[in-house]
Amino acid sequence: MTFRIAQISDTHLSAEKPFFVGNFERIGEALRATGPDLVLNSGDISLSGESKESDLSAARALHEAMGLPVRFLPGNHDLGDSQDLAAHGAAVITDERRARYLAHFGPDFWTLDVPGWRLLALNAQLLGSDLAAAVDQEDAIAEATASLGARKLALFLHMPLFDKAADEPAMTGRFVDPAPRRALLARLRTAAPALIASGHIHQYRDSWLDGARHVWAPSTGYVIPDRIQPIYGLKQVGFVEHRLEPDGRQESRLVQVPGMPTLNIADFPEAYGAI
Ligand SMILES: [Fe+2]
Ligand SMILES: [Fe+2]
């Protein structure tokens, strides 16, 4: 039986600043009509959950209202950015921020077995961090790969691993940084994922490299203007449907919901400040 995942991402939800709630609710209606086996939010669930707990609780409540099976993984706006991005000036992940996230959304890294496949969801912000939980996550990766058996592996994490190549040296804040990326890929060497699905860029892209399919889910809410973010793929809101077959085949596609406007963060200076 096909397992259908609706990957939503970068919902950036808040009750006090509900700029992107309307689009989220439109997506919810579309999802309820098709009834996926799992809704997976790949991070930046909340607008500013790293500093405002009420954004975390509001985002969780909005997901509950959808009435569908849902799982989460954290983005930088939910529990702070990777420690090695501290130079970018954003709040970084701490045990306290992470604990708040866990209280609202459950485990920040997890596995789920479905026919023919194992989903491995990671906390991208823990990669390369000095928190004790980073070691727990590494252990979970080792366990997930060692016991994979004949299943295919689908990796989900907030940030894409890279733009074009696994060895690209740039530290951009857009992709997993080179050192933690190298470490992660080394851990996955014996069980390379067939599918790597991410969010964070607010652009949809579907590409293949070395036998793996890299799918970037767009934001359900908004895009980022070209003058501050290059065009990597498609700047359009929506979600991604992944169909995982028991025999290991797989399909992913962008789904755009009619009547759902592609908002631009430049038009919402109250969200994160003027651009
Ligand atoms: Fe985002
Ligand atoms: Fe993000």
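Use the structure listed above.
What counts, and at which threshold
- Every residue gets a number counted from 1 within its own chain, in the order that chain's sequence is written.
- Chains carry letters from A onward and ligands carry numbers from 1 onward, assigned in written order.
- Totals for whole chains, interfaces and linings use every residue, but because this is a predicted model, local features are given only for residues with pLDDT of at least 70 and side-chain atom pairs only at 80 or more, for both listing and counting.
- Hydrogens are left out, water is left out, and the side-chain values use all remaining heavy atoms of the structure.
- Because water is not among the atoms used, a metal site may look incomplete, as its donors are only the N, O and S atoms within 2.8 Å, or 3.2 Å for Na, K and Ca.
- Site shape is set this way: if four donors have all angles between 85 and 135 degrees, tetrahedral; if opposite donors are over 155 degrees apart and all others between 65 and 115, square planar for four donors and octahedral for six; otherwise irregular.
- Helical segments are the DSSP runs of H or I of at least four residues, strand segments are the runs of E of at least two, and each set is numbered from the N terminus.
- Note on exposure labels: buried denotes an accessible area under 20% of the residue type's maximum, exposed denotes more than 50%, and partly exposed covers the range between, all computed with a 1.4 Å probe on protein chains only.
- Note on definitions: salt bridges are taken to be side-chain nitrogens of Lys or Arg within 4 Å of carboxyl oxygens of Asp or Glu.
- Lines are fitted to the C-alpha atoms to define the axes, a helix being fitted only along its stretch in contact, and any angle between axes, read from their N-to-C directions, falls within 0 to 180 degrees.
- Small angles under 35 degrees read as roughly parallel and large ones over 145 as roughly antiparallel, with 65 to 115 read as roughly perpendicular and the rest as oblique.
- Helix crossings fall into two classes, left-handed where the near helix is turned counterclockwise from the far one by less than a right angle and right-handed where it is turned clockwise.
- Note on definitions: a residue-residue contact is assigned when non-hydrogen atoms from the two residues lie within 4.5 Å.
- Classification used: nonpolar for Ala, Val, Leu, Ile, Met, Phe, Trp, Tyr, Cys and Pro, charged for Asp, Glu, Lys and Arg, polar for all others including Gly.
- A strand pair is defined by DSSP finding two or more bridges across the two strands.
- Contacts described as polar in this section are N or O atom pairs within 3.5 Å, which, within protein, must combine one atom able to donate a hydrogen with one able to accept it, while residues neighboring in sequence count only if both atoms come from side chains.
- Within this analysis, the arc is defined by the directions that extend from the helix axis to the C-beta atoms.

A.B. asks: Quick rundown of the coordination of the iron ion (ligand 1)? Include the residues and the values.
C.D. replies: Protein coordination at the iron ion (ligand 1) comes from D10 (OD), H12 (NE2), D44 (OD) and H202 (NE2), with a distance range of 2.0 to 2.3 Å. What the four donor atoms of the iron ion (ligand 1) show is an angle range of 88 to 173° at the metal, which sorts the shape as irregular. Summarised as a motif, the one-chain spacing of the donors to the iron ion (ligand 1) is D-x1-H-x31-D-x157-H. The metal-metal distance between the iron ion (ligand 1) and the iron ion (ligand 2) is 3.6 Å, with D44 serving as a donor to both.

A.B. asks: Tell me about unusual backbone geometry, and please be specific about residues and values.
C.D. replies: Unlike most non-glycine residues, D10 shows phi in positive territory, near 50°. Mapped onto the elements of the fold, D10 is located in the loop between β1 (3-8) and α1 (21-34). A positive phi angle, near 75°, is found at H200, a position not held by glycine. Note on placement: H200 falls in the loop between β7 (195-198) and β8 (205-209). Residue class for H200 comes out buried when judged on its relative accessible area of 13%.

A.B. asks: Help me get a handle on the coordination of the iron ion (ligand 2), residues and values and all.
C.D. replies: The protein atoms that coordinate the iron ion (ligand 2) are D44 (OD), N76 (OD1), H158 (NE2) and H200 (ND1), at distances of 2.1 to 2.2 Å. Metal-centred angles of 87 to 155° between the four donor atoms at the iron ion (ligand 2) mark the site as irregular. One chain supplies every donor to the iron ion (ligand 2), and in sequence these donors are spaced D-x31-N-x81-H-x41-H.

A.B. asks: Give a detailed account of the pattern of salt bridges, specifying residues and quantitative values.
C.D. replies: Using the criterion set out here, one finds 16 salt bridges in the structure. Ionic pairing is found between E251 and R213, a salt bridge with its closest N-O pair at 3.1 Å. You can see E251 sitting in strand β12 (residues 250-255) and its partner R213 sitting in strand β9 (residues 212-216), a full 38 residues away along the chain. Looking at R213, the relative accessible area reads 6%, which means it is buried. Connected through salt bridges with shared partners, the residues R4, E241, R243 and R253 form a single ionic network.

A.B. asks: Lay out the packing of α1 against helix α2 (residues 53-66) in plain terms, naming residues and giving numbers.
C.D. replies: In the contact formed by α1 and α2, the axes pass within 10 Å of each other and the chain directions differ by 25°. The orientation of α1 relative to α2 falls into the category roughly parallel. Two packed elements cross with a definite hand, and for α1 against α2 that hand is right-handed. On α2, the residues that touch V21, F24, E25, G28, L31 and R32 of α1 are L62, H63, A65 and M66. In terms of residue class, the contact of α1 with α2 is made up of six nonpolar, two polar and two charged.

A.B. asks: Please set out the sheet that holds strand β11 (residues 239-244) residue by residue, giving values where relevant.
C.D. replies: Spatially, β3-β2-β1-β11-β12 is the arrangement adopted by the five strands of the open sheet, whose pairing is mixed. Edge positions in the sheet fall to β3 (70-72) and β12, since each of these pairs with one other strand and no more. On average, each strand axis in the sheet is inclined to that of its neighbour by 20°, with strand direction left out of account. Strand direction decides the pairing type here: β1 and β11, joined by five bridges, are antiparallel.

A.B. asks: Describe the side chain of S46, with residues and values.
C.D. replies: Of note, S46 is situated in the loop between β2 (38-41) and α2. Residue S46 is classed as buried on the basis of its relative accessible area, which comes to 0%. At a separation of 3.1 Å, a polar atom in the side chain of S46 contacts the main-chain amide nitrogen of G49. Discounting chain neighbours no more than four positions away, the residues touching S46 are H12, L13, D55, L56, A59, H77, D78 and Y272.

A.B. asks: Tell me about helix α6 (residues 178-187), and name the residues and values.
C.D. replies: Helical periodicity: at 3.6 residues per turn, an α-helix aligns residues three or four positions apart in one direction. Among the residues making up α6, those that are buried are P178, P180, R181 and L184. Burial along α6 is one-sided: seen end-on, the buried residues are contained in an arc of 165°. Those residues of α6 hidden inside the fold are in contact with α5 (132-146).

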